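Examining the three-dimensional arrangement
For reference, the chains in residue letters:
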Amino acid sequence: MKARDIRARFLSFFAERGHTVVASSSLVPHDDPTIKFTNAGMNQFKAVFLGLEKRDYVRAASCQKCMRVSGKHNDLEEVGKDARHHTFFEMLGNWSFGDYYKRDSIVWGWEFLTGVMGLDKSRLWVSVYKDDDESFDIWRDVIGLPPERIIRLGDLAAGDEENFWSMADTGPCGPCTEIYYDQGESMKCAHPKGCFVGVCDCDRWLELWNHVFMEFDRQPGGALNPLPMKSVDTGMGFERLVAVLQGKQSNYETDIFTPMISAMEAISGKRAEGEARISMQVIADHARACAFTVADGAIPGNQDRGYVVRRILRRAARHGHLLGVEEPFLWRVADVVINEMGDAYPELVERRARILDVIRKEEERFIRTLRSGLLVYGEIRDAMRAGGRTQLTGEEAFKLHDTFGFPVDLTAIVAEEDGFTVDQAGFETCMEQQRAKSGVETVYREGLGAWRPLPGRELAGFHSLFTGYDAVEGEGAPVALRPAGHDEEGFEVVHLLLDRTPFYGESGGQVGDRGILELLPVRSRLEVIGTIVVEEGPALIVRGGIEELADALAAATGVRQRVDSPARLATMRHHTATHLLHAALRQVLGDHVEQAGSVVDPHRLRFDFRHDQPVKSEELARVERLVQERVLDNRPVIRHQDLALEEARKRGAMALFGEKYGERVRAIEIHAGAQPVPGAASDAGSLFSLELCGGTHCLATGDIGPFRIVSEGSVSAGVRRIEAVAGDVAQALIQRERDELRQLGGLLRADGGGYATQVSALLAEQKQLRRELAGLKQDSARAGLEEALASPAPVAGLRMVCAMVASADKDAFLKLADHARDRLGQGGVVVLGADLDGKPTVLVTVTPDLADGGRLHAGNLVKALAASVGGKGGGRPNLAQAGLPDAAGLDRVLAGAAHAVAAHLDA
């Protein structure tokens with residue numbers, strides 16, 4: 001039976017039993033920031049189990065795309081080495097949300113495996129939790145399984161959670177029963193306690209299907225309280241089931257993987273045997289992972305899930321290198337994945353061109369990294385062997401990572417092949433030091449003290465009410481404060497909680513509000529220099545000492561709050577413009593565009609997004625025009641203050657990775673189409689943007705005012721950045737540009753054509769003049785060198801020219817050296833000094849008879865000359881150069897050149 005048929009029969013089996021077949025959710029969980037990738041079939045139902053949302057069905061079945069490569073489920077280094085570890089895999093599952101329970105789940109599971117799939121009943125064993133008599137009785141009395149093939153496992157009281165599943169340390173949990181397939185005596189292991197279910201983890205007892213029965217709510221202290229509804233969550237590894245049904249002892253021998261392995265045999269010209277087979281299995285697995293992650297919007301990068309994808313892709317590329325494949329190949333294997341799995345997952349076919357393009361470009365980048373990194377690693381390896389070391393230091397591994405982009409896990413693999421290890425702890429120390437130097441810390445969160453409630457106030461259960469969506473002023477009562485160190489100017493600051501406040505706390509990329517507080521009734525003023533979000537709500541950052549402020553606030557009858565209105569309005573313009581920009585980018589570049597970070601403040605907006613190539617100027621123009629059109633539409637910015645998360649999802653709302661959403665969310669909706677004139681028929685327009693967002697926004701798009709994109713560039717591989725301005729800031733930019741054009745017009749001829757034409761002609765003329773000037777300088781320098789060439793100095797039987805020259809640039813400098821060397825003929829050495837754009841440089845070249853014969857090495861000679869004055873350099877046997885710390889060193893180098901040549905000759 002083929003894999004695609006097994007998948008289809010599973011879904012149809014449960015559909016016939018009243019289950020709604022639910023499409024696989026994305027591998028990129030946009031609404032669950034606790035995980036990088038979807039790693040289980042139940043992920044998309046997590047909110048249902050937690051009681052945060054309801055579906056219009058109580059039975060579901062699915063074949064879910066999953067990844068387990070980081071955190072608790074880190075299988076990456078085992079992939080390809082054994083029969084069953086994978087990065088990407090599919091999980092078959094069925095679920096009951098308060099409907100059927102243990103009996104139906106177990107009976108249907110047995111019926112599907114033995115009746116539909118035809119598995120040998122005598123080979124199936126099961127495990128149950130030790131106190132789960134109900135499941136034990138169903139297996140024994142209803143299914144008819146002999147008691148000796150029903151194994152009781154786990155003991156919560158003893159800390160053994162085998163056969164007891166938990167979603168987290170607290171929350172829904174319950175016992176589970178697992179079905180095993182006995183692959184026979186030939187697969188038996190030599191475990192000291194015996195090869196048996198629950199004892200060993202070998203391939204004889206293959207875990208097939210886990211049925212979890214969620215009936216408890218685990219409390220922080222460990223108590224198990226009954227849940228209001230009992231649910232079922234099952235999961236079966238698709239690849240394992242296919243292997244059993246196709247009679248294969250390795251998942252990689254099934255028709256899930258063989259097409260990719262055959263493709264690698266053709267690409268590499270090698271058979272899938274021995275070490276080559278391991279590499280091909282790695283590539284087959286990783287090609288699937290890369291195809292699916294890229295299809296779902298995860299682009300190789302340096303952070304978060306992007307880094308995981310990059311590691312997987314580069315590990316595959318490394319194994320291709322081991323197979324002797326020097327050119328990009330993984331994209332070709334990914335194409336096979338699309339052909340094989342596109343019928344079950346049509347998004348692969350729809351996004352084929354993008355998937356292959358992203359993978360191919362990342363491969364090309366890595367090939368360059370691999371070549372340069374291996375050269376540097378080779379130098380480190382040789383030094384280690386010479387010094388008798390067996391471990392790369394953390395500093396060496398960090399240098400490969402930081403300077404050459406060589407991932408530390410790849411360094412470990414390459415080192416292991418040479419019999420070395422890597423000091424991982426030392427590497428992490430270097431990484432931490434780099435992070436500390438980067439200064440990535442949240443302002444005003446260091447040096448925090450404990451909260452100090454004001455008299456008559458309690459913090460237990462307290463949460464400040466934010467009133468700033470509709471107001472920038474308001475009164476509030478002080479609740480608590482705490483010391484928060486010092487601000488950038490050295491003043492003491494505190495965090496202040498009020499019972500209600502219009503001050504917006506920094507979150508979602510929007511900066512926190514600034515403003516003024518007046519303590520009533522005395523009307524003394526306090527400066528608010530920022531606002532952050534803490535567990536209790538918005539916390540105002542106020543200048544002042546903790547003691548003096550505590551006394552003043554305790555005496556106050558209230559606090560009048562005034563947000564800096566012009567700054568808030570400018571920030572709102574930039575925030576609403578950011579939503580329009582995001583939607584416009586998706587329209588112009590494609591729906592793979594995903595926000596990777598943003599900053600909105602009164603002065604500008606900065607928007608980072610996932611896109612793996614520069615945005616063309618005409619594309620940027622289209623994006624800017626789309627935003628301006630929406631501004632001119634002057635449509636209301638619709639604020640959904642309390643929207644069901646499920647409804648928002650169904651409507652296509654954008655949810656951002658890293659943001660935590662509850663059952664009810666706030667969303668910002670903007671439509672396209674000109675706003676009807678008064679008295680005209682209403683026009684709803686078409687949906688342009690819908691994003692989950694807790695920030696403050698304009699009332700209508702027309703309030704944004706002028707919008708201008710200022711710059712576009714790369715942040716890291718696969719991530720681009722746009723900076724833009726709106727409102728008064730954009731108007732000021734437009735005015736500056738007009739003033740500059742007016743000034744430029746005053747410098748050009750009124751009848752000389754357009755500005756661009758005239759400036760282009762002037763630049764061309766300047767370029768020609770510079771070329772002529774460089775030629776004159778070169779001729780002058782060559783003429784000055786002729787005197788030295790006419791009488792070269794004899795040094796140890798050689799002829800040497802040593803001179804200071806004036807050279808326009810590096811290329812001209814090299815040409816002078818080549819000219820001098822060629823004039824000398826055999827046995828010639830040339831040492832030249834020059835100041836190249838303020839950089840003192842010495843260059844050494846020797847004639848071929850000296851370099852090829854090994855008599856004199858230009859690289860070694862220039863290295864010694866530079867070192868004598870504190871410089872550094874090196875190069876090839878026939879040509880090398882070095883940089884010196886100052887111009888005075890040039891004279892000393894040239895003066896000592898003859899002695900250095902004599903010392904290095906035949907060395």
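Every value quoted in this text rests on a predicted model; they were computed, and no experiment measured them.

1. Remarks on the confidence of the model for the protein chain
- With 94% of its residues at a pLDDT of 70 or more, the protein chain has an overall mean of 88.
- Confidence drops under a pLDDT of 50 for residues 438–446, and excluding neighbours within four residues, the segment shows 14 contacts in the predicted structure.

2. Remarks on the side chain of E624
- As for its placement among the helices and strands, E624 is situated in helix α17 (residues 617–633).
- Here E624 sits buried without a salt bridge, and the closest side chain of opposite charge, R708, lies 4.1 Å off (N-O distance).
- Here the side chain of E624 touches I709 through a polar contact of 2.7 Å, landing on its backbone nitrogen.
- Leaving out residues up to four positions away in the same chain, E624 has contacts with F707, R708 and I709.

3. So, the packing of aromatic side chains
- Going through the model one piece at a time under the given rule, you end up with 25 aromatic pairs.
- Members of the aromatic cluster, each reached through a chain of ring pairs, are F10, F13, F14, F112 and W209.
- In this arrangement the basic side chain of R17 is found over the ring face of F13, its NZ or CZ atom lying 3.6 Å from the centre.
- One Lys or Arg, R152, reaches over the ring of F136 and ends 4.4 Å from the middle of that ring.

4. Regarding the sheet that holds strand β28 (residues 686–692)
- Strands sit in the order β26-β27-β28 across an open sheet of 3 strands; the sheet is antiparallel. A strand with exactly one partner marks an edge of an open sheet, and here the two such strands are β26 (638–644) and β28. When the angles between neighbouring strand axes are averaged without regard to direction, this sheet yields 30°.
- Note: strand β27 (residues 664–672) against β28, 6 bridges, orientation antiparallel. Within β28, the residue paired with H671 across the bridge is L687.
- Contacts from helix α16 (residues 565–589) reach β27 and β28, with the element oriented near 115° to β28.

5. Points about the pairing of strand β7 (residues 150–153)
- In this structure, strand β6 (residues 124–129) lies alongside β7, joined through 4 bridges in parallel fashion. Paired with V128 across the strands is R152, a residue of β7.
- With respect to chirality, the unit in which β6 leads through helix α4 (residues 133–143) into the neighbouring parallel β7 is right-handed.

6. Description of the nonpolar core
- Judged by nonpolar contacts, the single largest core of 89 residues is most densely connected at F112, W139, W209, L330 and L348.
- Considering every element that reaches this core, the biggest residue donor is helix α7 (residues 274–295), with 11 residues.
- In this structure, L580, A584, I670 and I722 belong to the second largest nonpolar core, which totals 33 residues.

7. Brief notes about the pattern of salt bridges
- Here the structure, examined in full by the defined rule, presents 58 salt bridges.
- One salt bridge connects D818 with R821, and the closest N-O pair in it is separated by 3.2 Å. Pair noted here: D818 and R821 are both in helix α21 (residues 810–824), with a separation of 3 residues, about one helical turn.
- Look at D818 and you get partly exposed, because its relative accessible area is 28%.
- R821 gets classed as buried once you look at its relative accessible area, which sits at 15%.
- Each of E475, E518, R525, R560 and R562 takes part in one network of salt bridges that share partners.

8. Regarding the packing of helix α3 (residues 102–116) against α4
- Two elements in contact, α3 and α4, have axes separated by 10 Å at closest approach and are oriented at 45°. The orientation of α3 with respect to α4, classified from their angle, is oblique. Of the two possible hands of crossing, α3 and α4 adopt the one that is right-handed. The residues of α4 that touch α3, namely those facing K102, R103, I106, V107 and W110, are E134, S135, I138, W139, V142 and I143.
- For the contact of α3 with α4, a count of residues per class yields 7 nonpolar, 1 polar and 3 charged.

9. Points about empty space enclosed by the protein
- Here the structure, examined in full by the defined rule, presents 3 cavities of 30 Å³ or more.
- Each pocket or cavity is described by its volume, and for the largest cavity that value is around 100 Å³.
- Lining the largest cavity are A317, G320, H321, V325, E326, E327, F329, E363, F366, I367, L370 and R371.
- Looking at the lining of the largest cavity element by element, the count peaks at 5 residues for helix α11 (residues 352–387).
- A breakdown of the residues in the lining of the largest cavity according to their chemical character gives 6 nonpolar, 2 polar and 4 charged.
- Quantified by volume, the second largest cavity comes out at close to 60 Å³.
- What lines the second largest cavity is A83, R84, Q183, D203, L206, A243, V244, K248, Q249, S250 and N251.
- Taken together, the residues of the lining of the second largest cavity sort by class into 4 nonpolar, 4 polar and 3 charged.

10. Quick word on α17
- Between its terminal C-alpha atoms α17 stretches 24 Å, which fits the 24 Å expected from 17 residues at 1.5 Å a residue.
- E619, L620, V623, E624, L626, V627, R630, V631 and D633 are the residues of α17 that are buried.
- Of the surrounding elements, those touching the buried residues of α17 are α16, β27, β28, β29 (707–716) and β30 (719–726).
- Of the residues one or two after α17, N634 is the one with positive phi, at around 55°.

11. Observations concerning the packing of helix α1 (residues 3–15) against α3
- It is at 11 Å that the axes of α1 and α3 come closest, and there the two elements cross at 135°. Put simply, α1 runs oblique to α3. α1 and α3 meet at a crossing whose hand is right-handed. In this structure, α1 contributes R9, F10, F13 and F14 to the contact, and α3 contributes W108, E111, F112 and V116.
- Class assignment of the residues belonging to the contact of α1 with α3 gives a composition of 6 nonpolar, no polar and 2 charged.

12. Comments concerning unusual backbone geometry
- The step from L520 to P521 runs through a cis peptide bond, and the omega angle for that step is 5°.
- In this structure, A796 takes a positive phi of about 50° despite not being glycine.
- Here A796 is to be found in the loop between β31 (793–795) and β32 (798–804).
- You will see that D837, though not glycine, has its phi angle at about 55°, which is positive.

13. Quick look at the pairing of strand β11 (residues 224–237)
- Two elements, strand β5 (residues 88–97) and β11, share 5 bridges in a ladder whose sense is antiparallel. Looking at β11, one finds that F97 is bridged to S231.
- Both strand β10 (residues 205–218) and β11 contribute to a ladder of 9 bridges, which runs antiparallel. Note that in β11 the partner of R218 across the bridge is L224.
- Between β10 and β11, which pair antiparallel one after the other, the connecting turn spans 5 residues, and G222 there sits at a positive phi close to 100°.

Cut-off values and rules
- Residues numbered from 1 in each chain as written.
- Predicted model: local features only at pLDDT ≥ 70, side-chain atom pairs only at ≥ 80, totals over all residues.
- Heavy atoms only, no water.
- pLDDT = per-residue confidence, 0-100.
- Contact = heavy atoms within 4.5 Å.
- Helix = DSSP H or I, 4+ residues; strand = E, 2+ residues; numbered from the N terminus.
- Buried < 20%, exposed > 50% of the residue type's maximum accessible area, 1.4 Å probe, protein only.
- Lys, Arg positive; Asp, Glu negative; His and termini not counted.
- Salt bridge = Lys/Arg side-chain N within 4 Å of Asp/Glu carboxyl O.
- Polar contact = N/O pair within 3.5 Å; in protein donor to acceptor, adjacent residues only side chain to side chain.
- Phe/Tyr/Trp six-rings, centres within 6.5 Å; stacked < 30°, edge-to-face > 60°.
- Lys NZ or Arg CZ within 6 Å of the ring centre and 35° of its normal.
- Pairing = 2+ DSSP bridges.
- Axes fitted to C-alpha atoms, helices over the stretch in contact; angles between N-to-C directions.
- Right-handed = clockwise from strand over helix to strand, strands pointing away.
- Core = buried A, V, L, I, M, F, W, Y, C linked by side-chain atoms within 4.5 Å.
- Parallel < 35°, antiparallel > 145°, perpendicular 65-115°, else oblique.
- Left-handed = near helix turned anticlockwise from the far one by under 90°.
- Nonpolar A, V, L, I, M, F, W, Y, C, P; charged D, E, K, R; others polar.
- 1 Å grid on protein atoms, 1.4 Å probe; cavity = no way out; pocket = protein on both sides within 12 Å on 5 of 7 lines; lining within 4 Å.
- Points joined across faces, edges and corners; volume = space filled by probe spheres on them.
- Expected span 1.5 Å × (residues − 1).

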